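Topology and contacts: notes
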Amino acid sequence: MKEENLSGHNPTPIKPASNYLEIKDSNAASPVRRRSFIKGLGIVGATLLPGSALLKAQAINSSNKLSQGDADLLRFAAWVELVESDLWTQYNELGGATAPNDGPPNVGNPPYKAALQNLDGDMPQYITDNNDDELSHAAFLNAYLQAHGEKAIDLKQFHKLPGSTATGVDKTKVGKRLTNLLSLNVDLGWYTRYRSGQNPDLGAVLNGPFKILNQPAIPLSDTDTPPTVVVPTPPIPAGSPALRIQAIANTAGFHFAFIEQGGTSLYPTLALKASSEEVLRILLSIGGVEIDHFSLWHDKAGNAVSQPLAGVTDPETNLNFPDLNDPATLARLHLQLELTQTNKIQPEPCAFIEATGLPACSVIRPTSTQLGGAVATVNSFMADGLFDGQKDAFFDQAMQLATAADNVQRR
Ligand SMILES: [Fe+2]
Ligand SMILES: [Fe+2]
């Protein structure tokens, strides 16, 4: 995908909303104007249309202007998807299976890719697909805004961060990244949160099982992680030159889940404020894919802290990935197996709506504006280090968009 699409600067051109979709009718000398066609059919006739035609027709029928609130929600969603697109593009260049959108096979950074595959053999394909999804979310949301007379979100001016120089990166993008993946603090609170019966929206404070602080999630340079390093299948022996790149890949594995749990909470908070049914549909439908991503990465991250891979220590930073299924390790770290067991990736039922007498319910959490909303999302990405090096203007715009989204009231 071209950089213009990534930044939203030049999204897929959309015909003016008043345009009619042309369909060829074998009995008609000229194209039929679908808008009036649908109108004339009424609901019974409309149900006769094939699914894709019906979707197109619905889109055209909803070409009226967005309410201020719905536009604010979609603007923030577009902003967050551009952020996701940038970071997933970096992961895809180094660890993905192909170039975006079923492009040519991607060699990437061979040791990084091999280390990611120690988490799961399918990691490169999952990364590529996650990246494609984010690119599509960003392009769609910006195009939808434009189709409704709103400006697209454009972050091109902020693509100035250095990024990796390691084998596999797109050399034309060195110095042009929007997000930083070279040193991250990965909050692992979600790991414990979804294994517990507690809910942060009702006051629970849940810390992760261990800490990932100031760690790279991608190879920094060929000096730091030479592309010639051979990464063995686990267990990786002590002293192996592959330990550094394996630790970096493990950090990435947890960062993937961190990013997507953010989207998992964000989209419900935005959806709760939507006024139009179509905007609600957009937010629920994209949000569902964020949940799908999170669930996948939650599972894969667990492979970094279970046998045979668990126990990797980064020789540069001493970050250790403990065995979160091992009773002796858990005792040493003062952890309980029920909050760490690596295959417990399905959300445990938890306290939900605050009222006495209601049973626990398995739900996405948090979904409060305060903890899962737009400002909370920007703050969590900032704490992550994702925007380290960005300009004040970047943060000003982010907070402006986030505050506007959080302040929307459903009508
Ligand atoms: Fe997304
Ligand atoms: Fe996402």
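So, a few notes on the structure that sits alongside this text. The structure displayed is predicted, hence computed values, not measured ones.

What counts as what
- Sequence order as written defines the numbering, with residues in each chain counted from 1.
- Written order decides the labels, with chains lettered from A and ligands numbered from 1.
- Whole-chain, interface and lining totals are the exception, using all residues; otherwise, since this is a predicted model, local features are given only for residues with pLDDT of at least 70 and side-chain atom pairs are given and counted only at 80 or more.
- Strands are runs of DSSP state E lasting at least 2 residues, helices are runs of H or I lasting at least 4, and numbering of each runs from the N terminus.
- Each residue is represented by a C-beta atom placed from its backbone, and any two residues with such atoms within 7 Å are regarded as in contact.
- Under the definition applied here, buried Ala, Val, Leu, Ile, Met, Phe, Trp, Tyr and Cys residues are grouped into a nonpolar core through C-beta atoms within 7 Å.
- Exposed residues have 12 or fewer other C-beta atoms within 10 Å of their own C-beta, buried residues have 20 or more, and residues in between are partly exposed; the C-beta atoms are placed from the backbone.
- Multiplying 1.5 Å by the helix residue count minus one yields the expected span of that helix.
- Throughout, the arc means that of the directions going from the helix axis to the C-beta atoms.
- Helix axes are fitted to C-alpha atoms over the stretch in contact, other axes to C-alpha atoms as well, and angles between N-to-C directions run from 0 to 180 degrees.
- For classification purposes, an angle smaller than 35 degrees is called roughly parallel, one larger than 145 roughly antiparallel, one from 65 to 115 roughly perpendicular, and anything else oblique.
- Any residue that is not Ala, Val, Leu, Ile, Met, Phe, Trp, Tyr, Cys, Pro, Asp, Glu, Lys or Arg is counted as polar, Gly included; the first ten are nonpolar and the last four charged.

**Let's talk about the overall build of the chain**
Per the secondary structure count, the chain includes 13 helices and four strands. Counted over contacts in the chain with a minimum sequence separation of 6, partners at least 24 positions apart contribute 71%.

**Overview of the nonpolar core**
Judged by nonpolar contacts, the single largest core of 92 residues is most densely connected at Leu 73 and Leu 283. Per element, the largest residue contribution to this core is 15 residues, and it comes from helix 8 (residues 243-271). Dropping the residues within four chain positions of it, Leu 283 is found in contact with Leu 73, Ala 77, Tyr 267, Leu 270, Ala 271 and Ala 274.

**A short note on unusual backbone geometry**
Going from Gln 307 to Pro 308, the amide bond is cis rather than trans, its omega being 10°. Here Pro 308 is to be found in the loop between helix 9 (277-302) and helix 10 (327-333). Here the residue pair Arg 365 and Pro 366 is connected by a cis peptide bond, since its omega of -5° sits within 30 degrees of zero. Looking at where Pro 366 falls in the secondary structure, it is placed in the loop between helix 10 and helix 11 (369-372). Of note, Asn 101 is a non-glycine position whose phi angle comes to about 55°, a positive value. In the Ramachandran plot, Asn 214 falls in the positive-phi region, its phi being about 55° despite a non-glycine side chain. With respect to the element layout, Asn 214 can be found in strand 4 (residues 212-215).

**Digging into the environment of Glu 348**
Inspection of the secondary structure puts Glu 348 in the loop between helix 10 and helix 11. The exposure class assigned to Glu 348 is partly exposed, which follows from the 15 C-beta atoms found within 10 Å. Considering only alpha carbons, one finds Glu 348 and Tyr 194, 154 residues apart in sequence, at a separation of 5.9 Å. Aside from chain neighbours lying at most four places away, what touches Glu 348 is Tyr 194, Arg 195, Ser 196, Gly 197 and Ser 362.

**Considering helix 13 (residues 392-406)**
The end-to-end C-alpha distance of helix 13 is 21 Å, a good match for the 21 Å that 15 residues give at a rise of 1.5 Å each. Listing the buried residues of helix 13 in full gives Ala 398, Leu 401, Ala 402, Ala 405 and Asp 406. Projected down its long axis, helix 13 carries its buried residues within an arc of 130°, all on one side. Across from the buried face of helix 13, at angles greater than 90 degrees, the exposed residues are Asp 392, Ala 393 and Asp 396. Buried positions along helix 13 lie against helix 4 (68-95), helix 8, helix 11 and helix 12 (374-384).

**Description of the packing of helix 4 against helix 8**
Between helix 4 and helix 8, the least distance of the axes is 12 Å, while the angle of their chain directions is 170°. In terms of their interaxial angle, helix 4 and helix 8 are classed as roughly antiparallel. Contact residues: helix 4 offers Leu 73, Ala 77, Val 80, Glu 84, Leu 87 and Tyr 91, while helix 8 offers Ala 252, Ile 259, Leu 266 and Leu 270. Here the contact of helix 4 with helix 8 is composed, by residue class, of nine nonpolar, no polar and one charged.

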